[in-house]
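Take a look at the letters that make up each chain.
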Amino acid sequence: MDTLLERGRNRTMILSCRLNLLAAPLVALASFQSQASAFCQPQFNFNIKSFTSFNYTKLNSPAQQTDIEIQGKLSVISVKKEDEKNWWAIKADKVKTVQGQLSMPLPNYEHPFAFKLNEQGLITDFYFVDELDTQSQDQLKGLAYYLQYQKNLSKVINETDTLGEYRVNYQQKDNALSFTKVNYEHKNKQVLNAFSHIEVEKSEQRIIPSECFLESRDGIEKLNLVGADLTFTSEQRFNVKKLQQPFDTALFSMSDDLSLWQSTHIELTQAEKDKLKKELLAFVTEQDITQIDAHTLAFLLKKYDAVIGELRGVILADQISDNAQMRLFNALGQLDTPSSQVLLSGLLVGTEKQPQTQFRALRALTQGHHALSQQATDNLLGLLNDGFLSQDTEVSSSFYMTLGILLNNRVDSATAQQLSQAIVEHITLSENENKTADLITALGNSRDEQHVELIDNYLTDTSPRVEKASIRALGMMQSDNAYKNLEKHFNRHSGRNTKALLSALGNYEMKPKTSDSVLNLAVNDNDDAVRYAAINALAKQPNNEGIKQTLRQALRSEKSKRNFKAIVKLLHAKPPALGKENKG
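Residues numbered from 1 in each chain as written. Predicted model: local features only at pLDDT ≥ 70, side-chain atom pairs only at ≥ 80, totals over all residues. Heavy atoms only, no water.

## What to know about the overall build of the protein
Here is step 1 of the chain: Secondary structure summary: the protein contains 20 helices and 12 strands in total.
Here is step 2 of the chain: Here the analysis covers contacts within the protein between residues at least 6 apart in sequence; of these, 68% occur between residues at least 24 apart.
Here is step 3 of the chain: Only carbon and sulfur atoms are counted for the fraction: they give 46% of the accessible area of the protein, which is about 26900 Å². (Helix = DSSP H or I, 4+ residues; strand = E, 2+ residues; numbered from the N terminus. Contact = heavy atoms within 4.5 Å. Areas by Shrake-Rupley, 256 points an atom, 1.4 Å probe, with all protein chains shown as cover.)

Below, the structure written as structure tokens:
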């Protein structure tokens, strides 16, 4: 069950990164002064084929892979924004995803918006009239980023996209430009908090510019997003080509003054809601939605967000297959709107006899990054206060641990603070050691350093389970104070939960004295499992050359085959990079 929770927690990272890779600019394109001409209103065909692969090393399973192809048309026209110059409106039309013979529309790519170019030809600002979440904005920004490029190639500077800041190389040959993304020097921390850096494995792009943006552009790009335990790879082949024959688009009938644009959001009438409900139920139940990847399905479900709560009946009455339910939960987690949050949190209430549904709802909730709506928060607070009920005790434990993952994924919001404070209060008041341990684990999953002192108080609890939960929680915190408390407990602990303590210390760069003590356990402890935990903790250290000679000698007396293999692996492995360094 814990493995499934890890998968759910990190899929958030996967899908969040996939969305932004699809939006990431793969090339910068022409932006000449003559674009300011009112006659510059180009239209383009675009096609993006993306292959993504996600590998999480803690899961003993093959890498998750997805193929996505997106096709559509683009229109661009000059607009005004107060007294600012060089603003351009852009809108996609007829956008669809293609998977084999299946083609599905993507209306969420078709919001009109605007971007501003500076004198160098780089985008410096965006304007959205519709209220869109960050992921949706980033996907739209990617369309605009296709239309930028630096005019003065003698003074090339770093560029920025939705993933971060990168260094570029331009070369001109005849009427074409080649563009290569060299490396990312800074990442977008908000989007890529789960990854340490971005590797540009391949970047080959060809541009034919014109006085009105470009004639065509095509290329291939492969990026690796690398974290401590996970790697996300995206390989894309793309093509943008100017259309010779115009097509009708609502953009050209909109005002050229951005201040006069109006949001397309309109409150639905009851009749419209009834019609939408009928369409939603038909969409989910009358076709095999397992043929649609979860990423695309989430996009398609946005159309029905106003009535998404109707899916509760579909799920609880088993109106679709088990595989279809799994795909639906995955998509609802990625949708991550206030309505989908309320649906998922509501599926935890009154469903104690359907623990599988509860677990899927919990896992789906871990996939989002947006602030929880107040109604969804109230649902979770009610379960926390009244007690979460489930026939499966593992699902009950998962509920409390999931609350911590929600806090980690949805930081800096008022609702997250409400949940955090409620968890602290329940730990303080709880008389049930199992619940206390689960709630402490929740604080560990939150990675919120403000809770280190509270967790430290439970390291000496009389309950072994509470102590173990506290040790693991501090191991997840990745802070100096958490490490100091773990080290202090290690030096004075009674011998209980030694394996958990060693594993937690292994998440940090240990100080020399502590490392020596762990090495002593790796070589001399009578318990095979303790020696194994100590070996693994040492293997995570970035500077472990000094211990290798001692471990080589330990091979002569090591009787455990598992421990023997672990030592050999340590001796031949390259030093890993830890997330937190602790200096003496």
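Now, onward.
## Structural notes on helix α8 (residues 355–365)
Here is step 1 of the chain: Of all 11 residues that make up α8, 10 are buried, and the element is covered over most of its length.
Here is step 2 of the chain: Among all positions in α8, only P355, T357, Q358, F359, R360, A361, L362, R363, A364 and L365 are buried. (Buried < 20%, exposed > 50% of the residue type's maximum accessible area, 1.4 Å probe, protein only.)

## Details of the environment of A89
Here is step 1 of the chain: Tracing the backbone shows A89 in strand β3 (residues 84–99).
Here is step 2 of the chain: The exposure class assigned to A89 is buried, which follows from its relative accessible area of 0%.
Here is step 3 of the chain: Remark: the alpha-carbon pair of A89 and V79, spanning 10 residues in sequence, is separated by 6.1 Å.
Here is step 4 of the chain: Leave out the neighbours within four places in its chain, and A89 touches S75, V76, I77, V79, F113, A114, L251 and W261.

## With respect to the packing of helix α7 (residues 338–346) against α8
Here is step 1 of the chain: The N-to-C vectors of α7 and α8 enclose an angle of 145°; their axes lie 8 Å apart at closest approach. Where α7 crosses over α8, the two elements pack in a sense that is left-handed. Facing Q341, L344 and S345 of α7, the residues of α8 in contact are A361, A364 and L365.
Here is step 2 of the chain: Taken together, the residues of the contact of α7 with α8 sort by class into 4 nonpolar, 2 polar and no charged. (Axes fitted to C-alpha atoms, helices over the stretch in contact; angles between N-to-C directions. Left-handed = near helix turned anticlockwise from the far one by under 90°. Nonpolar A, V, L, I, M, F, W, Y, C, P; charged D, E, K, R; others polar.)

## What to know about the confidence of the model for the protein
Segments scoring low in pLDDT should not have their predicted coordinates read at a detailed level.
Here is step 1 of the chain: In the predicted model, the protein carries a mean pLDDT of 86, and 88% of its residues have values of at least 70.
Here is step 2 of the chain: Note on residues 1–37: pLDDT under 50 across the span, and 148 contacts to partners over four residues away in sequence or across chains. (pLDDT = per-residue confidence, 0-100.)

## Thoughts on the packing of aromatic side chains
Here is step 1 of the chain: In the structure shown here, the tally under the stated rule is 14 aromatic pairs.
Here is step 2 of the chain: On the basis of an interplanar angle of 15° and a centroid distance of 5.2 Å, the ring pair of F113 and F128 is categorised as stacked. Of this pair, F113 sits in strand β5 (residues 113–117) while F128 sits in strand β6 (residues 123–128), and the two are 15 residues apart along the sequence. Taken as a pair, F113 and F128 share a single burial class, namely buried.
Here is step 3 of the chain: Residues F399 and Y400 carry aromatic rings whose centres are separated by 5.1 Å and whose planes lie at 70° to one another, so their mutual orientation is edge-to-face.
Here is step 4 of the chain: Among the residues examined, F399 registers a relative accessible area of 0% and is labelled buried. (Phe/Tyr/Trp six-rings, centres within 6.5 Å; stacked < 30°, edge-to-face > 60°.)

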